[in-house]
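A structural walkthrough
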Amino acid sequence: MTENEPSMEPVKGANTADRLAPRDPARYDRRFAARAAGIKSSAMRDLMSLTERPEIITLAGGLPDTDSFPQEVFDEVWHAIGRDHRASALQYGPTEGLLELREMICGIMAEGGAVAQPDGIIVTAGGQQAIDLSVRTFVDPGDVVLAEGPTYPGAVPSFSTYEARVLHIPLDDDGMRVDLLEERIEELAAEEIRPKLIYTIPNFHNPGGVTMSLERRRRLVRIAHEHEILVVEDNPYGQIRFEGEPLPTLWELDAGAGWVIHLSTFSKILAPGLRVGWAAAPAPVLRKMNLGKQAADLGTGTMNQRFIVEYLRRFDWREHVARLNGIYRSRRDAMLRALEEEFPADAHWTRPRGGLFVWATLPNYIDTTELLARAIERHQVAFVPGRGAFLDGRGRNSLRINYSYANEATISEGVERIGAAIDEMVELQKLLGGGT
Ligand SMILES: Cc1ncc(COP(=O)(O)O)c(C=O)c1O
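None of the values given here were measured: they were computed from a predicted structure. (Residues numbered from 1 in each chain as written. Predicted model: local features only at pLDDT ≥ 70, side-chain atom pairs only at ≥ 80, totals over all residues.)

Another aspect to go through is helix α14 (residues 317-342). Helix length check: α14 (26 residues) gives 37 Å between terminal C-alpha atoms against 38 Å at 1.5 Å per residue, within 8%. The inward-facing, buried residues of α14 contact β10 (348-349), β11 (357-361), β14 (398-402) and α16 (408-431). (Helix = DSSP H or I, 4+ residues; strand = E, 2+ residues; numbered from the N terminus. Expected span 1.5 Å × (residues − 1). Contact = placed C-beta atoms within 7 Å.)

Listed below in structure tokens is the structure:
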């Protein structure tokens, strides 16, 4: 320790909490790895603690309705694990996940027309880890990742941890503007840069609420093949559909050519507390992802994998999803009605046909990060400010609002409260002499 360095000694006589809180938290700043210093947090995770404050209506998280998971189903699955699989459920398992579960995952993928083999799957700790392993496997500091703008706020910590240079491709009602994607790839090629990954959420985008058209899916896969760029297709919401016909996944359109990594999860079709997701990928990619997972956690919790296997053996997940979709459809409708009534005429928003989110854009003088502070403090309501869905500072007048967690009355009340906070900011703007 140098002379100028503050003491590392704990405060004498302090209680445990004080002893654990160093007198000089800044001491760590010069010790953090450069990588750690640059990690950006996920806006939605930052707001998660608000769910524990009952006075706050939170339309921020992407929380599924876990109340609708039937008690008797839960009890039966739990009992079966205890009776038939106690020792193995408590045991370590293979890094790539239980074979039985990987076989069942192939069955679920086949429902959507996607062909995969169990040895082409790795089970992960949620879809989130599948994103992290994909980025970790391919991205060196400074490597270009092309992602929709807005993109999934939860991918932001992974992109920043591995120091990706994320370039956003605009999104419209038909999903990613793949024409602009192609232009961007060609511009980069002129600088001799080949993007490492294209990260996309084609179905019921989070946060954008839109779905990529079939024509764009085909074009995106063609671009990936022509330019030899890997696409990470993140598909947590493919089954959370209220309207329209399912479209083929990019994985299916790739037809085994090996330019798509397909990610999905049990979080939205069963329960996020299980923390079980998966990746389907070409064998050499899976081997590297497996190594990354060995480093991260050895393997996904065996107990949780077993819960899913025993559930899928006994019950029809499609029925559960159909029930969930009915609930979410009504909640989406409640949200769209409330937005119509409560948001200013010059605001606009998406009308999702599935998934969990509406993406709204307000007049450009409203900063939604400021709006959030006001909304929480004065109106006890939370949402995700749009800036959390970009890595380049954009999104300041947009917001993501969730309709899967709160019931219809609470959604209406929550949107009304956000509307009241917006009205106050509009008034403030008028007072300050700015145009509206
Ligand atoms: C687009 C997207 N990818 C991945 C995830 C992570 O899901 P999981 O709970 O399976 O980690 C989410 C969760 O909201 C998501 O919206």
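Once you've had a look at it, read on.
In this section: the site of the ligand. Not every one of the 15 residues close to the ligand is listed here, only the nearest: Gly-126, Gly-127, Gln-128, Thr-265 and Ser-267. Ranked by residue count, the leading element in the shell around the ligand is helix α7 (residues 126-138), at four residues. The residue inventory of the shell around the ligand, partitioned by class, reads five nonpolar, nine polar and one charged. (Near = placed C-beta within 6 Å. Nonpolar A, V, L, I, M, F, W, Y, C, P; charged D, E, K, R; others polar.)

In terms of nonpolar packing, the biggest core is built from 70 residues, with Val-145, Phe-159, Val-231, Ala-279 and Ile-308 touching the most fellow members. The element best represented in this core is helix α13 (residues 302-314), accounting for five residues. In this structure, this core is formed jointly by two domains, domain 1 (43-69 + 319-431) and domain 2 (71-314), each of which donates at least three residues. Residue contacts for Phe-159: discarding those within four places in its chain leaves Val-135, Val-145, Ala-164, Val-166 and Leu-391. In terms of nonpolar packing, the next biggest core, distinct from the first, is built from 38 residues, Ile-57, Leu-324, Leu-371 and Val-415 among them. (Core = buried A, V, L, I, M, F, W, Y, C linked by C-beta atoms within 7 Å. Buried ≥ 20, exposed ≤ 12 C-beta atoms within 10 Å, placed from the backbone. Domains from an automatic or database assignment.)

On to the confidence of the model for the chain, then. Confidence in the prediction of the chain, expressed as mean pLDDT, is 92, and 93% of residues score 70 or more. Confidence drops under a pLDDT of 50 for residues 1-8, and excluding neighbours within four residues, the segment shows four contacts in the predicted structure. (pLDDT = per-residue confidence, 0-100.)

As a further point, take the pairing of β14. Of all five residues that make up β14, five are buried, and the element is covered over most of its length. Side chains of β14 alternate between two faces, with Ser-398, Arg-400 and Asn-402 and Leu-399 and Ile-401 buried alike. As judged from the five bridges shared by β11 and β14, these two strands associate in the antiparallel manner. Of the residues in β14, the one forming a bridge with Thr-361 is Ser-398. (Pairing = 2+ DSSP bridges.)

What follows deals with the domain arrangement of the chain. For the chain, the assigned domains read domain 1 (43-69 + 319-431) and domain 2 (71-314). On a C-alpha basis, the centres of domain 1 and domain 2 stand 25 Å from each other. Between domain 1 and domain 2, the contact holds 30 residues from the first and 32 residues from the second. Mapped onto the side of domain 1 that touches domain 2, the elements with two or more residues apiece are α3 (43-46), α14 and β11. Residue contributions to the side of domain 1 that touches domain 2 peak at five residues, all from α14. Here the residues of the side of domain 1 that touches domain 2 are counted per class, giving 15 nonpolar, nine polar and six charged.

With that out of the way, let us pick up the environment of Val-144. Note on placement: Val-144 falls in strand β3 (residues 144-149). In the structure, Val-144 is positioned 141 residues away from Val-285 in sequence and 18 Å away in space, judged by C-alpha atoms. Those residues in contact with Val-144 that sit more than four places away from it in its chain are Arg-165, Leu-167, Leu-188, Ile-193, Pro-195 and Lys-196.

This brings us to α16. Between its first and last C-alpha, α16 extends 35 Å over 24 residues, near the 34 Å set by a 1.5 Å rise per residue. Within α16, burial applies to Ile-411, Gly-414, Val-415, Arg-417, Ile-418, Gly-419, Ala-421, Ile-422 and Met-425. Against β1 (57-58), α14, α15 (368-379) and β12 (381-382) lie the buried residues of α16. A positive backbone phi angle near 90° is found at Gly-433, which sits one or two residues after α16.

In helix packing, the relevant descriptors are the interaxial angle and the interaxial distance, both defined with respect to the helix axes. Close contact between α15 and α16 brings their axes to 9 Å; oriented N to C, the two are set at 120°. Judged on the interaxial angle alone, α16 and α15 are oblique. Of the two possible hands of crossing, α15 and α16 adopt the one that is right-handed. Together, Leu-371, Arg-374, Ala-375, Arg-378 and His-379 of α15 and Arg-417, Ile-418, Ala-420, Ala-421, Ile-422, Glu-424 and Met-425 of α16 make up the contact between the two elements. In terms of residue class, the contact of α15 with α16 is made up of seven nonpolar, one polar and four charged. (Axes fitted to C-alpha atoms, helices over the stretch in contact; angles between N-to-C directions. Parallel < 35°, antiparallel > 145°, perpendicular 65-115°, else oblique. Left-handed = near helix turned anticlockwise from the far one by under 90°.)

Moving on, we come to the sheet that holds β11. In space, the four strands of this open sheet follow the order β10-β11-β14-β13, with antiparallel pairing throughout. Each edge of the sheet is formed by a strand with only one pairing partner; in this case those strands are β10 and β13 (384-385).

A few words on the sheet that holds strand β5 (residues 175-176). The strand order across the open sheet built from eight strands is β2-β9-β8-β7-β6-β3-β4-β5, with neighbouring strands paired in mixed fashion. Strand pairing shows two members of the sheet lacking a second neighbour, β2 (121-124) and β5, which therefore form its edges. Alignment of strand β4 (residues 165-172) against β5, held across two bridges, turns out to be antiparallel. Its bridge partner lying in β5, Asp-172 is registered against Gly-175. In this fold helix α9 (residues 178-190) packs onto β3, β4 and β5, with an angle of close to 155° to the strand it touches most, β4.

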